[in-house]
Structure formats: C-alpha cells, structure tokens
Amino acid sequence: MTLQIDFDAKDTLNKLDLVKKDMNKIARRMMAKVFQAIRRDTRNTKLKGQVLQKRSGNLMKSIVYKTKPDFTGYIVARQIYAGMHEFGGKILPNGKYRMNEKYKGYLSFKLEDGTFRHIKELTIPRRPFLGDVFYSYFTTNKAEILMEQILDIALKELFNDK
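Basis of the calculations
Residues numbered from 1 in each chain as written. Predicted model: local features only at pLDDT ≥ 70, side-chain atom pairs only at ≥ 80, totals over all residues. Heavy atoms only, no water. Helix = DSSP H or I, 4+ residues; strand = E, 2+ residues; numbered from the N terminus. Contact = heavy atoms within 4.5 Å. Buried < 20%, exposed > 50% of the residue type's maximum accessible area, 1.4 Å probe, protein only. Lys, Arg positive; Asp, Glu negative; His and termini not counted. Salt bridge = Lys/Arg side-chain N within 4 Å of Asp/Glu carboxyl O. Phe/Tyr/Trp six-rings, centres within 6.5 Å; stacked < 30°, edge-to-face > 60°. Lys NZ or Arg CZ within 6 Å of the ring centre and 35° of its normal. Axes fitted to C-alpha atoms, helices over the stretch in contact; angles between N-to-C directions. Parallel < 35°, antiparallel > 145°, perpendicular 65-115°, else oblique. Nonpolar A, V, L, I, M, F, W, Y, C, P; charged D, E, K, R; others polar. Expected span 1.5 Å × (residues − 1). Arc of directions from axis to C-beta. Pairing = 2+ DSSP bridges.

An account of the environment of Y106 is requested, with residue identities and associated values reported.
Among the structural elements, Y106 can be located in the loop between strand 3 (89–91) and strand 4 (107–110). With residues up to four places along the chain from it excluded, the contact list for Y106 reads P93, H118, I119 and K120.

Requested: an account of the side chain of E86, with residues and values cited.
As for its placement among the helices and strands, E86 is situated in helix 3 (residues 82–87). This buried residue, E86, is left without a salt bridge; R126 holds the nearest opposite charge, at 4.9 Å. Not counting the four nearest positions on each side in its chain, E86 is found in contact with R126, R127, P128, F129, L130, G131 and D132.

Help me get a handle on the packing of aromatic side chains, residues and values and all.
According to the stated counting rule, one finds three aromatic pairs in the structure shown. An angle of 85° between the planes, with centres 5.6 Å apart, marks the rings of F134 and Y135 as edge-to-face. Taking the relative accessible area as the measure of exposure, F134 reaches 25% and is therefore partly exposed. Exposure remark for Y135: the relative accessible area of 54% places this residue in the exposed category. Between F134 and F138, the ring centres sit 5.0 Å apart and the planes meet at 45°, which makes this aromatic pair tilted. Of this pair, F134 and F138 both sit in helix 4 (residues 131–139), four residues apart, which is roughly one turn of that helix. What makes F138 partly exposed here is its relative accessible area of 36%. The positively charged end of K120 is found above the aromatic ring belonging to Y106, 4.6 Å away from the centroid. Directly above the aromatic system of Y137 lies the positively charged group of K142, at a separation of 5.0 Å from the ring centroid.

Quick rundown of the packing of helix 4 against helix 5 (residues 142–158)? Include the residues and the values.
In the contact formed by helix 4 and helix 5, the axes pass within 4 Å of each other and the chain directions differ by 70°. Considering the angle they form, helix 4 stands roughly perpendicular to helix 5. Counted together, S136, Y137 and F138 of helix 4 and K142, A143 and L146 of helix 5 form the full contact between these two elements. In the contact of helix 4 with helix 5, the residues fall into four nonpolar, one polar and one charged.

Please set out helix 5 residue by residue, giving values where relevant.
For helix 5, spanning 17 residues, the distance from its first C-alpha to its last is 25 Å, which sits close to the expected 24 Å at 1.5 Å a residue. If you check which residues of helix 5 are buried, you get A143, L146, M147, I150, A154 and L158. With its buried residues spanning 115° around the axis, helix 5 presents them on a single face. Residue N160 follows helix 5 closely and has a positive phi angle near 50°.

Describe the pattern of salt bridges, listing the residues and the values that go with them.
Scanning the entire structure with this criterion turns up five salt bridges. In this structure, R29 and E157 form a salt bridge, with 3.9 Å as the shortest nitrogen-oxygen distance. Remark: E157 occurs in helix 5 and R29 occurs in helix 1 (residues 9–47); sequence separation between them is 128 residues. Through salt bridges with shared partners, one network takes in K46, R126 and D132.

Please give an account of the pairing of strand 5 (residues 116–119) that cites residues and values.
Of the strand pairs in this sheet, strand 4 and strand 5 are connected by four bridges, and their pairing is antiparallel. Its bridge partner being in strand 5, K110 is matched across the sheet by F116. Taken together, strand 4 and the strand that follows it, strand 5, pair antiparallel across an intervening segment of five residues, in which G114 is found at a positive phi of about 95°.

Dropping the structure here:
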C-alpha cells in the first residue's frame, strides 16, 4: 500500500516571505506592546497616589517610548527632574543665581510661614519609578509573553488563521 501526499509549498513559501518582509513592523509592534505595559505598570504601581504623582502628574505624562525594527527601543521620562528621582543625588548651590550676598554658597527655600531656610546642599533620596518596572519585564518572562502574543496575532493574520 502506497500513500501519496501532494503538497504545493508555493503558497506557504510566499506567506513565509511576507513574514520576513513584515518582520520589522512586527518587531516594532512587539516592543511597543512591552513598553506600553511598562508605562501602565509604572503608573499603577509606582506613581499612582505616591509622592511623585501628588502634584501635577507631569512625571507620568512625560514617559515616552520609541521602538525600532531591530527589537530595540527606549523608554524615558522627559521631565528634567526624572533622573534625580530615579537615581537620587545632591543639589548644590549655584552662585550664579544668588539673591543675597550674605547667603552665597547656600540653597535658599521659602517655607510656608514666609521665613527662609538656607542650606549648603540638599540630598534627594533614590525613588525609582521606571527602572525597576523595566527590569522586571526583561528579567522575568513578562516581556517575552507579550511579544509572543503579538507574534501569534501577526502570524494568524498572515496565514488567515483566525
């Protein structure tokens, strides 16, 4: 007994060629899905109702991402003070902007009661909000799961397997 199977690979090969051509677009969609999730988790776990969100929400609004077709990209908070919150640091006086010669070399702050406080330096503690969430996606399988979902959708679209 002989079984014969005829398979026309032309259609499949054409579709695989489409996958190759669309891979840049698929890669960007995969990375965008991961960065959207990182931004959402940052908002929900690090900024919502915490000290970095209390005033205007501008820090959260400033988080943007850019994806590239080679499975890379970046996510960044564009507020000028974002790095200081993420990594901590010291603020030192700049003699260029002193109001009073007596307090040269000091940082001056007006308190709620109208008085001023003068200090030599201000240490801002590290309050990470973006980096921890980012690393959690790429050191666990969270990013991989999201990217596989996008790849599955793209392949189903290409092979009309809905």
